[in-house]
Amino acid sequence: MANFNTVFVTGGAGYIGSHCIVELLEAGYSVIAIDNFANSVNGEHGEAPSLKRVEQITGKPVIFYQCDLLDKSKLEEIFSKHKIDCVIHFASMKAVGESMQVPLLYYKNNIVGTINLLEVMKQNNCYQLVFSSSCTVYGNPEYLPITEEHPTGDVTNVYGRTKYFIEEMLKDISAAEKNWNIISLRYFNPVGAHPSGLIGEDPTKAFTNLMPYMAQVAIGNKESLTIFGGDYDTVDGTGVRDYIHVMDLASGHVAALDKLNKEHLRLKVYNLGLGTGLSVKELVHEFEEVTGVHIPYALGPRRVGDVDSLVCDGSLAVTELQWQPKYDVKMMCRDFWRWQTMNPNGYRSETATAAKLNGTTLAVNGKQLNGH
């Protein structure tokens, strides 16, 4: 790496953050992570169970602080202790449904927290940033697949608006101050887990994503899946999304850092997705095929803020970041199921086993899953 080695990761104990830290450590970066545990499990003494697992996977240390981005003085204190070269900003409240119920909480946490981070970065002459954005900034798409040139701003939910407003802030500061070097990554739908089964998505709120919900049904913790909306203008009436394996998403962040290391971009936006649309029912079918477990479901009302279809054109990231996704939907399902079966209660599970899956077989509810 030419210019920088130490990466500051906000929201590092969360689902995407923890998987990204694995990739960062394996790429040779040193990592300092913070989290306020709003979306992740808090271990004893303010430790992050997910990051203990990351250290186990990589054999490398992670420096961790429990810190909320709204606590600017704590943020300043951390920056004063370390020479931070660049920042990956994941920390965010992120549930679409919840955001429509408590909008002020989302605006305060996501936007004010980001302003504090940017101000502290500037105070410490740290201008390299990878921002965790979202395909929600595109709103109801005018065309599919969605390129980075697609209009933004006509957003259908509060969570997406916070991401849009932050992107507008980044446009303004990068135009006003030439030192800034920022890549904004617009994610489509991250799913899956690390192939070791040691880390994965462990939702802390009732507003949960589709794959954890399915897995909870498959493992017997929930009776059935609720599919929100069966009358969308799609192949089977259920919402269509572009799913991407969390490890492909993680490698996209390392590729973005490499790009910032080589070029001064001011601000550049990339989509990260596979470019394949899958309906909710189709994903349920794939999950059933991989796990051998039937997932009963019921159709519920649409959620406020959801759109019919979101499918990505990720060719710009492939071309300019030299990034190449490696995982298909079956691998997404298989890896998430491995995480769920090894950790039936997530990071709270006392029966979590070490990553010794090669050649082993797990049995859950009488169904078997072979490690790949």
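Notes on the structure follow. (Residues numbered from 1 in each chain as written. Predicted model: local features only at pLDDT ≥ 70, side-chain atom pairs only at ≥ 80, totals over all residues. Heavy atoms only, no water.)

**Remarks on the overall build of the protein chain**
Scanning the protein chain from terminus to terminus reveals 11 helices and 14 strands. The globule rule puts the C-alpha radius of gyration for 372 residues at 21 Å, and the 20 Å found for the protein chain is close to it. Projected onto the principal axes, the alpha-carbon positions of the protein chain cover approximately 55 × 45 × 40 Å. When burial is assessed residue by residue, the protein chain has 56% of its 372 residues classed as buried. Counting only contacts in the protein chain whose residues sit at least 6 apart along the sequence, the fraction spanning at least 24 positions is 80%. Approximately 15200 Å² of the protein chain is accessible, and the part contributed by carbon and sulfur atoms is 48%. (Helix = DSSP H or I, 4+ residues; strand = E, 2+ residues; numbered from the N terminus. Rg over C-alpha atoms; globule rule 2.2 N^0.38 Å. Buried < 20%, exposed > 50% of the residue type's maximum accessible area, 1.4 Å probe, protein only. Contact = heavy atoms within 4.5 Å. Areas by Shrake-Rupley, 256 points an atom, 1.4 Å probe, with all protein chains shown as cover.)

**So, the nonpolar core**
Within the largest apolar cluster, 72 residues are counted, with the highest numbers of intra-cluster contacts made by Ile21, Leu24, Met214, Leu225, Leu283 and Phe287. The biggest single contributor to this core is helix 8 (residues 246–262), with nine residues. If near-sequence neighbours (up to four positions away) are discounted, methionine 214 is found in contact with Leu225, Leu283, Val284, Phe287 and Ile295. Counting residues in each nonpolar core, the second largest holds 24 residues, with Phe8, Ile78, Ile111 and Leu170 among its members. (Core = buried A, V, L, I, M, F, W, Y, C linked by side-chain atoms within 4.5 Å.)

**Points about the side chain of asparagine 343**
Note that asparagine 343 resides in the loop between helix 11 (329–342) and strand 13 (361–364). For asparagine 343, the side chain forms a polar contact with the side chain of arginine 53, separated by 3.2 Å. (Polar contact = N/O pair within 3.5 Å; in protein donor to acceptor, adjacent residues only side chain to side chain.)

**Points about the packing of helix 7 (residues 210–219) against helix 9 (residues 280–291)**
It is the contact of helix 7 with helix 9, at a shortest axis distance of 11 Å, that shows an interaxial angle of 45°. With respect to their mutual orientation, helix 7 and helix 9 come out oblique. In this structure, helix 7 meets helix 9 at a crossing whose hand is right-handed. When helix 7 is examined against helix 9, the residues Leu210, Met211, Met214, Ala215 and Ala218 are found in contact with a partner set consisting of Val280, Leu283, Val284 and Phe287. Within the contact of helix 7 with helix 9, the residues separate by chemical class into nine nonpolar, no polar and no charged. (Axes fitted to C-alpha atoms, helices over the stretch in contact; angles between N-to-C directions. Parallel < 35°, antiparallel > 145°, perpendicular 65-115°, else oblique. Left-handed = near helix turned anticlockwise from the far one by under 90°. Nonpolar A, V, L, I, M, F, W, Y, C, P; charged D, E, K, R; others polar.)

**So, the sheet that holds strand 7 (residues 189–191)**
Strand order in the open sheet formed by three strands is 7-9-11, with mixed pairing between adjacent strands. Lying at the two open borders of the sheet, with one neighbouring strand each, are strand 7 and strand 11 (277–279). Averaged over all neighbouring strand pairs, the angle between strand axes comes to 55°, with direction disregarded. Here three bridges tie strand 7 to strand 9 (residues 240–245), and the two strands are oriented parallel to one another. Bridging from a neighbouring strand, valine 191 pairs with histidine 245 of strand 9. (Pairing = 2+ DSSP bridges.)

**Things to note about the pattern of salt bridges**
In this structure the tally under the stated criterion is 13 salt bridges. Among the ionic pairs, lysine 72 bridges to glutamate 119, the shortest N-O distance being 2.5 Å. With a gap of 47 residues between them, lysine 72 in helix 3 (residues 72–81) and glutamate 119 in helix 5 (residues 103–123) connect regions that are remote in the sequence. Under the relative-accessibility criterion, lysine 72 is labelled partly exposed at 24%. Note that aspartate 335 and arginine 338 form a salt bridge whose closest N and O atoms lie 2.9 Å from each other. (Salt bridge = Lys/Arg side-chain N within 4 Å of Asp/Glu carboxyl O.)

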